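Chains, contacts and geometry: an overview
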Amino acid sequence: MATRLDGRLLAQEIEQRLAVVVAERRERAGRPPGLAVLRVGDDPASGVYVANKEKACARVGIRSFLTHLEAGTPAEEVLTAIRQLNADPCVDGILLQLPLPAGLCEGPLLAAIDPDKDADGLHTLNLGRLLKGEPGPRSCTPAGVMALLACSGVELRGKRAVVVGRSILVGQPMALMLQAADATVSVAHSRTSDLAALTRQADVLVVAAGRPRMIGAEHVKPGAVVVDVGIHRLDPDPSAGPQARAKLCGDVRFEEVDPIASAITPVPGGVGPMTVTLLLVNTVTSWCQRSGLDQPLADLLP
Ligand code: NDP
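Residues numbered from 1 in each chain as written. Predicted model: local features only at pLDDT ≥ 70, side-chain atom pairs only at ≥ 80, totals over all residues. Heavy atoms only, no water.

Quick look at the overall build of the chain
When you go through the chain residue by residue, the secondary structure sums to ten helices and eleven strands. At 19 Å, the chain has a C-alpha radius of gyration in line with the 19 Å of a compact globule built from 302 residues. Principal-axis analysis of the C-alpha atoms places the extent of the chain at approximately 55 × 45 × 35 Å. Buried positions account for 49% of the 302 residues belonging to the chain. Long-range pairs, those at least 24 residues apart, make up 69% of the contacts in the chain between residues at least 6 apart in sequence. As displayed, the chain has an accessible area near 14100 Å², and 53% of this comes from carbon and sulfur atoms. Counting 31 positive and 33 negative side-chain charges, the chain places the centres of these two groups 2 Å from one another. (Helix = DSSP H or I, 4+ residues; strand = E, 2+ residues; numbered from the N terminus. Rg over C-alpha atoms; globule rule 2.2 N^0.38 Å. Buried < 20%, exposed > 50% of the residue type's maximum accessible area, 1.4 Å probe, protein only. Contact = heavy atoms within 4.5 Å. Areas by Shrake-Rupley, 256 points an atom, 1.4 Å probe, with all protein chains shown as cover. Lys, Arg positive; Asp, Glu negative; His and termini not counted. Charge placed at Lys NZ, Arg CZ, Asp CG, Glu CD.)

If you want it as structure tokens, here you go:
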């Protein structure tokens, strides 16, 4: 059985550290850190994610500001809301909750966020900073994976890493971060031929394909470290009766890979909690910088 890379536990530890950082600096800063969450429309999953982020903020002493606009809000009005948050001195981080309702294009809206308040690290400037190895807010999910690997003692230097998926949200920044940590990185996507032959070369395999249970034993080299970014809700089996609850699964067939890998992230409880925690790290980092205070969290940002 592989070692569990327990994102839930590490997220709790980092939250405790963040709470101390905030408590020790709040008086000098003259205000708490602030995270603004901008939600447009009523996507139900987004409602749950936003509530989780607000709760996480409260646990570490970050003030959260929620702006909830109707699904039919014109782009110009969303832009106005973003500009107000950019100008608000109490806001250190801004998060535009995705997905947006049909008809709203995320590109220009993400681009309108002040790059130094870009809590999700998805602004073009911040992706460029990552590419050049310059400091800046990092994309939360891949940065969370890096923190989990580092804190679990997974050696990356000189190792062969394969990332399955090339999205701007996960796959691309993940590959850049692994490369910056001196891994030799390959990126696979939907047109990759013989995926299993490539993934079997990986010492560290990160799967972010958004395909439930696509990676099995045939894709994994014995002893590899496997990180499953995917998260999917499986409807309950109707034969299990009315009390049956939806289950979560990842992109990896956990029960097949667990006996082969040396370490593996569970779903849930692996990458997901780390993503929320890195959002907090980006916000507190921005608060320290904007308040002219020392920045004690650099080790958590790749
Ligand atoms: P996208 O759909 O944007 O990207 C998926 C990527 O996987 C694409 O590059 C696609 O290739 C590639 N892909 C799809 N099918 C295959 C295949 N059969 N073989 C190889 N590559 C394939 O998804 P995201 O990157 O946004 O998210 C990926 C997963 O991670 C999702 O399940 C999402 O829910 C989850 N996620 C989890 C988070 C967390 O906190 N745990 C946070 C963010 C995402 P191509 O480019 O050719 O289309």
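Here we look at the domain arrangement of the chain
When the domains of the chain are assigned, the result is domain 1 (29–116) and domain 2 (140–273). Inter-centroid distance (C-alpha atoms) of domain 1 to domain 2 is 28 Å. (Domains from an automatic or database assignment.)

Quick word on the packing of helix 1 (residues 7–29) against helix 10 (residues 271–290)
Between helix 1 and helix 10, the shortest axis-to-axis distance is 10 Å and the interhelical angle comes to 15 degrees. It follows from the interaxial angle that helix 1 and helix 10 lie roughly parallel. Considering how the two elements wind past one another, helix 1 and helix 10 form a crossing that is left-handed. In this structure, helix 1 uses Gly-7, Arg-8, Leu-10, Ala-11, Ile-14, Glu-15, Leu-18, Val-21, Val-22, Arg-25, Arg-26 and Ala-29 to contact helix 10, whose residues at the interface are Pro-273, Met-274, Thr-277, Leu-280, Val-281, Val-284, Trp-287 and Cys-288. Its residues assigned to classes, the contact of helix 1 with helix 10 comprises 14 nonpolar, two polar and four charged. (Axes fitted to C-alpha atoms, helices over the stretch in contact; angles between N-to-C directions. Parallel < 35°, antiparallel > 145°, perpendicular 65-115°, else oblique. Left-handed = near helix turned anticlockwise from the far one by under 90°. Nonpolar A, V, L, I, M, F, W, Y, C, P; charged D, E, K, R; others polar.)

Considerations on the layout of surface pockets
Volume-wise, the second largest pocket comes out at about 250 Å³. Pro-135, Gly-136, Pro-137, Thr-285 and Gln-289 are the residues nearest the centre of the second largest pocket, which is lined by 14 residues in total. Looking at the lining of the second largest pocket element by element, the count peaks at four residues for helix 10. Residue composition of the lining of the second largest pocket, grouped by class: five nonpolar, six polar and three charged. (1 Å grid on protein atoms, 1.4 Å probe; cavity = no way out; pocket = protein on both sides within 12 Å on 5 of 7 lines; lining within 4 Å. Points joined across faces, edges and corners; volume = space filled by probe spheres on them.)

What about a nonpolar patch on the surface?
Residues Tyr-49, Ile-231 and Leu-248 make up a contiguous nonpolar surface patch of roughly 270 Å² in combined accessible area. On the basis of relative accessible area, Ile-231 is assigned to the partly exposed category, the value being 47%. (Patch = residues over 30% accessible without salt bridge, like charges linked within 9 Å, V, L, I, M, F, W, Y side chains within 5 Å. Salt bridge = Lys/Arg side-chain N within 4 Å of Asp/Glu carboxyl O.)

Focus: the site of the ligand
Around the ligand, a shell composed of 21 residues is seen, among which Arg-166, Ser-167, His-189, Ser-190 and Thr-275 lie nearest. Between the ligand and the protein, one listed contact pairs a nitrogen atom with a side-chain N or O atom of Arg-211 at 3.3 Å. One nitrogen or oxygen atom from the side chain of Thr-275 is found 2.8 Å from an oxygen atom belonging to the ligand. Within the shell around the ligand, the residues separate by chemical class into nine nonpolar, ten polar and two charged. (Near = heavy atom within 4 Å. Polar contact = N/O pair within 3.5 Å; in protein donor to acceptor, adjacent residues only side chain to side chain.)

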